[in-house]
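Here's the letter readout for the chains.
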Amino acid sequence: MTSTTDSGGSGSGSGSSDNGGSRREFGFGIYPGALLGDGHGIIHPVRPDDPARLAAALDLLQGAEPGFRIRIYRSFARTATPPPQTPDGWEPYLERPGRRVDLVLQFREPTGGRDGWEAYVRSQVREFGGRLGSVQVCEEPNADLPVLDGSVPGVLPALVAGVVAAKDEVRALGLDAAVGFNAVPTFDPAATFWPELGRLADRRFLDALDYVGLDCFPDVFHPVPAERLADATAWLLHTFRHTDLPKAGIPAGTPIRICENGWPTGPGRPEDAQARALETVIRTVADQAGPLNIDGYALFALRDADSSGPGPFHHFGLLRDDHTPKPAFDTYRRLIAELGPRLRESARPGQV
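1. Quick notes on the sheet that holds strand E5 (residues 99–107)
Pairing is parallel in the closed barrel, where 8 strands are placed in the order E1-E4-E5-E6-E7-E8-E9-E10. Adjacent strand axes in the sheet meet at a mean angle of 30°, parallel and antiparallel pairs treated alike. Of the strand pairs in this sheet, strand E7 (residues 178–183) and strand E8 (residues 211–215) are connected by 4 bridges, and their pairing is parallel. Bridge assignment links Ala183 to a residue of E8, and that residue is Leu214. Sitting on the sheet, helix H1 (residues 51–62) touches strand E1 (27–30), strand E4 (68–76) and E5, and the angle it makes with E4 is about 130°.

Given below as C-alpha cells:
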C-alpha cells in the first residue's frame, strides 16, 4: 500500500527441509490497486477500480506464465481504526489458474501492544487458505514514516512474533505459502534495525522465515543517471544481501525478493522513461537472481491514483487512472514472457 523515500542509488530459507536448500521458483507479481500512501498519509484514487478491466490487464501481464502474485494489503490495529484493505474487491483477480495472493499484514497498533496480533495473523492465513502464495508480516518496519510500520512502537517484537505465528498456521494447514517480511535499503551505517532484529531472531523465527523482501525505488526519490541505473540497482541488491541481512543473522540460504519496485511518471517524468527505467531494473534483478538467491519481483503499481496529480506518488501505475496503458505496461508484459521461463529453469532443484 505504500511507497518509500528509500532508494538512492517458500520453503524455509534457513535451509530447512521445506525447500531442500534450493531457491523457490522465481515468481512475478504486481499490486493491482491504485490507493497508496506517501510521506503524509493515504492517497485515494480519483476514479474507482474497474475490476473487469483490471482483471483483463492482469491476464495480459501474466501471459503464458503458470503463476502470478497479486499483492493485497491488510492492517491490524486494536485501539484505532486500521487503514483500509487495498485493493478492495480483489476476488476477480484470482479467477485465473495459478494466481496466488501475496498478502501483506501491517502492524498498525499505535500503542505497540500485541494483544490479538498473533491471533489476527493466524486468522488471515486461515481465511485465504490455499489462495495464499506468501504472507509478508509488517510493511517496511525499518521506515519511520506515518503510513509505514517502522513508525509504530514495538514493531520488531511484532514482526518476529508474526512471522512465527504465520508459519505455524501455514504448517498446521498444510499450505504451500512462503512467510517473510520486507524492508527498505539502509544507507546509515549507524542504523540499528538489523542488529536489533538479530537480537530477537531466535531459532523459531529463523526456521519460520522463508524470504526477506526488499522495497526499492532507484531513480525515484534520488536521481540516478540512466547509464548508472543498472549499477545502482545491483548495488542495492548486493548491499541488502551481503551487508544488511548478515547483521540480523539471516543466512544466504534465505531467498530475497523484490516486494515493491516502481518508477512514477508525471511532470518531468515522461512515460517512455518509465518503460526504460523499469526494463533496466527488472533485467538487473533477473541477472542477479542466481548469484544473490532472489526468488521474485513484484511491481508497484498497476494503476495511477491520479494521472493529473502534482506529485510522483499519484503516478506509479502501468495504467493511467482511466485504465488505459502506458508504454511500461507492454514492457512489463514482454519482460515476464521473456524472463519467466529462464528464471524458472535456473531455480530447478539443486540450484541456488
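Next comes the rest of the account.
2. Thoughts on the nonpolar core
Formed by 103 residues in total, the largest nonpolar core has its most connected members in Trp194 and Leu197. Discounting residues that sit within four places of it in the chain, Leu197 has contacts with Leu156, Leu159, Val160, Phe181, Phe205, Ala248 and Ile250.

3. Focus on the environment of Gly37
Summarising the element assignment, Gly37 is placed in strand E2 (residues 36–37). Look at Gly37 and you get buried, because its relative accessible area is 0%. With 304 residues separating them along the chain, Gly37 and Pro341 place their C-alpha atoms 34 Å apart.

4. Let's talk about the pairing of E5
The element E5 is extensively covered by neighbouring structure, given that 8 of its 9 residues are classed as buried. In terms of strand pairing, E5 meets strand E6 (residues 132–137) through 5 bridges, oriented parallel. Across the sheet, Val104 pairs through a bridge with Gln136, a residue of E6. Crossover E5 to E6 through helix H2 (residues 117–128) is right-handed.

Here is what the cut-offs are and how they apply
What you see as residue numbers is a count from 1 along each chain, following the sequence as written. Per-residue local features are limited, in this predicted model, to residues with pLDDT of at least 70; the limit for side-chain atom pairs, both in listing and counting, is 80 or more; totals at the level of whole chains, interfaces and linings are taken over all residues. Side-chain calculation: all heavy atoms of the structure are included, whereas hydrogens and water are not. If DSSP finds at least two bridges between two strands, the strands pair. Secondary structure elements follow DSSP: runs of H or I of four or more residues count as helices, runs of E of two or more count as strands, with numbering from the N terminus. Every axis corresponds to a line fitted to the C-alpha atoms, with the helix fit spanning only the stretch in contact, and the corresponding angles, defined between N-to-C directions, vary from 0 to 180 degrees. It only takes one pair of heavy atoms within 4.5 Å for two residues to be counted as in contact. Here, nonpolar core refers to any group of buried Ala, Val, Leu, Ile, Met, Phe, Trp, Tyr and Cys residues whose side-chain atoms link them within 4.5 Å. For every residue, the accessible area obtained with a 1.4 Å probe (protein chains only) is divided by the maximum for its type, and the residue is called buried under 20%, exposed over 50%, and partly exposed between those limits. Throughout, right-handed denotes a crossover for which the path from the first strand over the helix to the second runs clockwise when the strands point away from the viewer.

Keep in mind these numbers describe shape, not what the thing actually does.
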